[in-house]
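# Per-entry structural report
Take a look at the letters that make up each chain.
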Amino acid sequence: MPPGLSQRRLASLVDMTPDALSRALNGQRGFSSIELASLADSLGVDIYWLITGREDPLRVDVAARHVWDPVQAQRVNPGREADDKVLEKVAAVYREAYPDGPSVSPDLPAEPGAVRRRLGRDFVRRFAEQIEAAFAIDVLRIPELSTDYSLRIGGRSVILLTSTPNWFRNNWSVAHELGHLVLGHHAGRGVEKANEQPADEFAAALLLPEDRMREINWSRVDGTELAKFVWDTGVSTEALRNRLRKLRMKPSAEASAALEQPTQHLLRRHLAALSRYGAGVDAVVEREAESTGRRFPIRLISDLSHRVRSGQADPAALAWVLSVPVDEIDFPEPDDEAASREYEELLAAKRSAAAWKRKLGSSPGQAAPL
């Protein structure tokens, strides 16, 4: 019971009489399923915890990346209704793969600098893989999504990305959703729009740390140097422009003009400077290709596949993950003979009318305990 909420008021919120609530709390009557659901909603707790006293190993808490709508002057997520269907499929995949709940992701470092050190040098080039290896956070990419999300499924942290050739958007989204996870925004009943700015500030400090920014004399940076910096940090020209403004650092006229260009356009103009990839390789196209398409962690696919092959999980879940027809999934066919045997055993164990009569007594007044 939270402070300030009386038992009488709670009874009113859950549409019970004070006497009925009192008797239920004292074990003199049971709670109906509707009453339990109302209690959980009114108290802001999970119904699984309310019934069992334990955290739900498959409870899902969601945070979504919102975009700024200048007309409404607020952050919005217009695709949420359609995205919810995809989020439900993701939750179903984890339930099929881990019926007792997935393994728990460890606590994250509180500071962006500590996160950077754990991720290692040049982490943005393989951001998803580094996140999974360093923090046991699953990173999924699903083209059907309209925006990016982070989830807590039981104790497991999951980041969901939409498919886009703009890898710098994916990088920012991973850092942004990581901010939600680090800052504990999933505790409670969902993530509010007010948490978007702190998550963006975390992403900026992670991808464009102030000490690195101040090592550069921005008043002397030319277009080529700027392109290299954008490439190495994996951010967009817009993100870098905003970070410079936030830190009150004034770039050169050439760099300022370059920052007004779309990221891909800037990089293509200076593609020759990105020579580490060798002659004949379009580095921009390569990076675009890496940030598109479906992505699920190999561990998740492997665990789900094992359960499907053993007949313990729905093959449709694996077919959706792999984006293939379900008839291409290897799973055991039903054993008709085994099913027949089970049915015969069930019939043999069924009580006869005489047995039920002996169990219940010859009349309602003589019924024996079941």
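A short tour of the structure in this document, coming up. Residue numbering note: each chain is counted from 1, following its sequence as written. Residues qualify for local features only when their pLDDT is at least 70, as the model is predicted, and side-chain atom pairs are given and counted only at 80 or more; totals for whole chains, interfaces and linings, by contrast, use all residues. Note that the side-chain values use all heavy atoms of the structure and ignore hydrogens as well as water.

## Regarding the nonpolar core
Think of a nonpolar core as a cluster: buried Ala, Val, Leu, Ile, Met, Phe, Trp, Tyr and Cys residues, connected wherever their side-chain atoms sit within 4.5 Å. When a residue's accessible area, from a 1.4 Å probe over protein chains only, is under 20% of the maximum for its type it is buried; when over 50% it is exposed; and in between it is partly exposed. Formed by 50 residues in total, the largest nonpolar core has its most connected members in Phe127, Ile131, Leu178, Leu207, Met213, Trp218 and Leu240. Examining the composition of this core, we find that eight residues originate from one element, helix H8 (residues 167-182), more than from any other. By definition, residues are in contact when any of their heavy atoms lie within 4.5 Å. If we skip the residues at most four places from it in the chain, phenylalanine 127 touches Leu119, Asn171, Val174, Ala175, Leu206 and Leu207. Every helix listed is a DSSP run of H or I at least four residues long, and every strand listed is a run of E at least two residues long, numbered separately from the N terminus.

## Examining the packing of aromatic side chains
Planes of paired rings set the category: under 30 degrees apart is stacked, over 60 is edge-to-face and the rest tilted, where pairs are Phe, Tyr or Trp rings (Trp by its six-membered ring) whose centres lie within 6.5 Å. Counting across every chain of the model gives six aromatic pairs. Here the aromatic rings of tryptophan 167 and tryptophan 231 are separated by 5.6 Å at their centres, their planes lie at 70 degrees, and the arrangement is edge-to-face. Of the two residues, tryptophan 167 sits in helix H8 while tryptophan 231 sits in helix H11 (residues 223-233), which places them 64 residues apart along the sequence. Of the two residues examined, tryptophan 167 and tryptophan 231, each falls in the buried class. Aromatic pair tryptophan 218 and phenylalanine 229: ring centres 5.2 Å apart, planes at 90 degrees, arrangement edge-to-face. Here tryptophan 218, found in the loop between helix H10 (210-214) and H11, pairs with phenylalanine 229, found in helix H11; they are 11 residues apart in sequence, far enough to count as distant.

## What to know about the side chain of aspartate 138
Locating aspartate 138 in the fold gives a position in strand S4 (residues 138-141). Polar contacts, as used here, are pairs of N or O atoms within 3.5 Å; protein pairs need one atom able to donate a hydrogen and one able to accept it. Residues neighboring in sequence count only if both atoms are side-chain atoms. A polar contact is formed between the side chain of aspartate 138 and the side chain of arginine 299, at a distance of 2.9 Å. Other than its neighbours up to four places away in sequence, aspartate 138 contacts Tyr94, Glu132, Arg156, Ser157, Val158, Ile159, Pro297 and Arg299.

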